[in-house]
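# Reading the structure
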Amino acid sequence: MSSIPYSISQPSPKAIRGSFLDFVDDPFYVPETESVRYVADGLMVVANGAIVAFGPYADLQENYGELPTTTYSNQIIMPGFVDTHIHYPQTEMIAAYGEQLLEWLNRYTFPTERKFESKQYAKEVAEIFLDELLRNGTTTAMVFATVFPASVDAFFEAAERRNLCMIAGKVMMDRNAPDFLRDTAVSSYEETKALIRKWHKRGRLRYAITPRFAITSTEEQLRLAGKLLEEFPDVYLHTHLSENVDEVAWVQQLFPDCQGYLDAYDMAGLVKERSVFAHGVQLTDAEFQRLSAAQSAIAFCPTSNLFLGSGLFKIEQAKSAHYPIKVGLGTDVGAGTSFSMLQTANEAYKVAQLRHQKLSPFKALFLATLGGARALCLEDEIGSFEVGKAADFIILDPQATPLMAFRNQSCWPEQLDELAELVFSLMMMGDDRSVHATYILGQQV
Ligand code: GUN
Ligand code: ZN
């Protein structure tokens, strides 16, 4: 276990007692009886922001029973949610009526992102955005800023003040966008490089090279993005891929020599282990296989895919045994319609249903936690209650509303099947109201 890249001063350790749910393996490949860890009466000991002991209360009581302890009854304690794809500047334009992707970008998104030329404005929205993430129990996210470098500074400054583990980057966009949002291949390279030097691995922050999508980047801009990835091999690549049918057709026109959409990125050296591609709704079999071979990740964004009418992501193909791909859930706000990863899991379940597939509650919650952490190559730091990881966790209330209290009045779960039923109702009916508390590095926020 590598050590976490921070330490906050907490003079004395403390403990949390309650019912803990996390994952020790991937339930898409390992039976749930082995991949789900449920400790009905557990204890987690936190010191200097990290988990230093975790297990059944009965086992830890002797060593840690005297610590100051906060006990949560009739609540589920989970690792903080990981949102693998979201746009902070689009917070204010969530739920914009009536368009599909390309028209939606022109009509709503680009005019909104223009406002982030003002750093002051970007700072205000960054605070609202982070408040909203934490209210919803999301403790880590991979985030699009805008084309303006100061909008990246505003975001990272706000995240740093809150001790959050966040990944973000400046949008690179040198064609097929309004003048007021365009950079050039060279300016995007220079500005991104300066931002990487400033922010990557500063405390809990990481940088993602962020070409918006193949349509808004020239071949030269993508090539320079690939050059940056070579120069800084531990930064991320974050972009959109194969979301909408018209988008895929346009990419084929813009890159006539490429064998499909993913190949436009591949030719530039952008398809790697730390690459995260949002959507992938329209991927071909060959593209699924290529993503698997490259160990790249997909952010599955069901509320967005339904809202923009993009289509139904093939989760069973992405998580196939032959060509497994790392998958996380993304809200994709503002095309996504909720900050809640519970609501996102709910819609993921329905997308699977429409394709006659099953997405069990444990699989969905895996995607929202350890699966997301793995998609972001952060599984050494976050995503489960393993000792040594950061103490970023949430307290979920399965009785947060009158209807949920009525639905969930039976005995507290002891066994996995009882738990499955409870957390399924939580994921179908729950939202920000079900997040009783959010902890960052062991401190309630
Ligand atoms: N493709 C390119 N830009 C965007 C965006 O802002 N949102 C979504 N959903 N898809 C995109
Ligand atoms: Zn997006």
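From a predicted model like this one, the values you see are computed outputs, not experimental measurements.

### Thoughts on the site of ligand 1
- Around ligand 1, the surrounding shell holds 13 residues, and the nearest of these are His 87, Gln 90, Arg 212, Glu 243 and Asp 332.
- Contacts to ligand 1 include Glu 243, whose side-chain N or O atom sits 2.7 Å from a nitrogen atom.
- Expressed as a share of its isolated accessible area of 280 Å², the protein-covered part of ligand 1 is 100%.
- Considering every element that reaches the shell around ligand 1, the biggest residue donor is helix α3 (residues 101-114), with three residues.
- Counted by class, the shell around ligand 1 contains five nonpolar, five polar and three charged residues.

### Topic: the coordination of the zinc ion (ligand 2)
- Taken together, His 85 (NE2), His 87 (NE2), His 240 (NE2) and Asp 332 (OD) make up the protein donors of the zinc ion (ligand 2), found 2.0 to 2.2 Å from the metal.
- Classification of the site at the zinc ion (ligand 2) as irregular follows from its four donor atoms and the range of 88 to 167 degrees in their angles at the metal.
- All donors of the zinc ion (ligand 2) belong to a single chain; written as a sequence motif, their spacing is H-x1-H-x152-H-x91-D. Residue His 240 is located in strand β10 (residues 236-241), and its partner Asp 332 is located in the loop between β13 (326-329) and α13 (341-354); the two are separated by 92 residues in the primary sequence.
- Accessibility expressed as a relative area gives 6% for His 240, which makes it buried.
- Relative accessible area serves as the criterion here: at 3%, Asp 332 is assigned to the buried category.

### Side note on the packing of aromatic side chains
- Summed over all chains, the structure comprises 19 aromatic pairs.
- For the pair Tyr 88 and Phe 116, a centre-to-centre distance of 5.6 Å together with 85 degrees between the ring planes defines the contact as edge-to-face. Taken together, the residues span a long stretch of sequence, with Tyr 88 in the loop between β5 (81-87) and α3 and Phe 116 in the loop between α3 and α4 (119-135) at a distance of 28 residues.
- For Tyr 88, a relative accessible area of 0% corresponds to the buried category.
- Note on Phe 300 and Phe 313: the rings are 4.8 Å apart at their centroids and 35 degrees apart in plane angle, and the pair reads as tilted. Of this pair, Phe 300 sits in strand β12 (residues 297-300) while Phe 313 sits in the loop between α11 (302-307) and α12 (315-318), placing them 13 residues apart in sequence. Comparing Phe 300 with Phe 313 shows no difference in burial state: the two are buried.

### Description of the pairing of strand β11 (residues 275-279)
- With respect to burial, β11 is a largely interior element, five of its five residues being buried.
- Judged from the five bridges that link them, β10 and β11 form a sheet pairing that is parallel. Bridged to Leu 237 within β11 is Ser 275.
- As judged from the three bridges shared by β11 and β12, these two strands associate in the parallel manner. Bridge assignment links Phe 277 to a residue of β12, and that residue is Ile 298.
- In this view, the connection linking β11 to its parallel neighbour β12 by way of helix α10 (residues 285-294) has right-handed handedness.

### Some remarks on a nonpolar patch on the surface
- Residues Leu 306, Leu 312 and Leu 354 make up a contiguous nonpolar surface patch of about 240 Å² in total accessible area.
- By secondary structure assignment, the location of Leu 312 is in the loop between α11 and α12.
- In this structure Leu 312 comes out as partly exposed when scored by relative accessible area, which is 30%.

### Topic: the packing of helix α6 (residues 185-199) against helix α7 (residues 219-231)
- Contact geometry for α6 and α7: axes closest at 9 Å, N-to-C directions at 25 degrees. Of the possible angle classes, the one that applies to α6 and α7 is roughly parallel. For the pair α6 and α7, the sense of crossing is right-handed. Across the interface between the two elements, Ala 185, Val 186, Ser 188, Tyr 189, Thr 192, Lys 193 and Ile 196 from α6 touch Glu 220, Gln 221, Leu 224, Lys 227, Leu 228 and Glu 231 from α7.

### Quick look at the environment of Thr 192
- Tracing the backbone shows Thr 192 in helix α6.
- Judged by its relative accessible area of 0%, Thr 192 falls in the buried class.
- Through-space distance from the C-alpha of Thr 192 to that of Gln 353 is 41 Å; in sequence the pair is 161 residues apart.
- Setting aside anything within four residues of it in sequence, one finds Thr 192 in contact with Lys 170, Met 172, Tyr 207, Ile 209 and Leu 228.

Parameters at a glance
- Residues numbered from 1 in each chain as written.
- Chains lettered and ligands numbered in written order.
- Predicted model: local features only at pLDDT ≥ 70, side-chain atom pairs only at ≥ 80, totals over all residues.
- Heavy atoms only, no water.
- Near = heavy atom within 4 Å.
- Polar contact = N/O pair within 3.5 Å; in protein donor to acceptor, adjacent residues only side chain to side chain.
- Areas by Shrake-Rupley, 256 points an atom, 1.4 Å probe, with all protein chains shown as cover.
- Helix = DSSP H or I, 4+ residues; strand = E, 2+ residues; numbered from the N terminus.
- Nonpolar A, V, L, I, M, F, W, Y, C, P; charged D, E, K, R; others polar.
- Donors = N, O, S within 2.8 Å, 3.2 Å for Na, K, Ca; no water.
- Tetrahedral: all angles 85-135°; square planar, octahedral: opposite > 155°, others 65-115°.
- Buried < 20%, exposed > 50% of the residue type's maximum accessible area, 1.4 Å probe, protein only.
- Phe/Tyr/Trp six-rings, centres within 6.5 Å; stacked < 30°, edge-to-face > 60°.
- Pairing = 2+ DSSP bridges.
- Right-handed = clockwise from strand over helix to strand, strands pointing away.
- Patch = residues over 30% accessible without salt bridge, like charges linked within 9 Å, V, L, I, M, F, W, Y side chains within 5 Å.
- Salt bridge = Lys/Arg side-chain N within 4 Å of Asp/Glu carboxyl O.
- Axes fitted to C-alpha atoms, helices over the stretch in contact; angles between N-to-C directions.
- Parallel < 35°, antiparallel > 145°, perpendicular 65-115°, else oblique.
- Left-handed = near helix turned anticlockwise from the far one by under 90°.
- Contact = heavy atoms within 4.5 Å.

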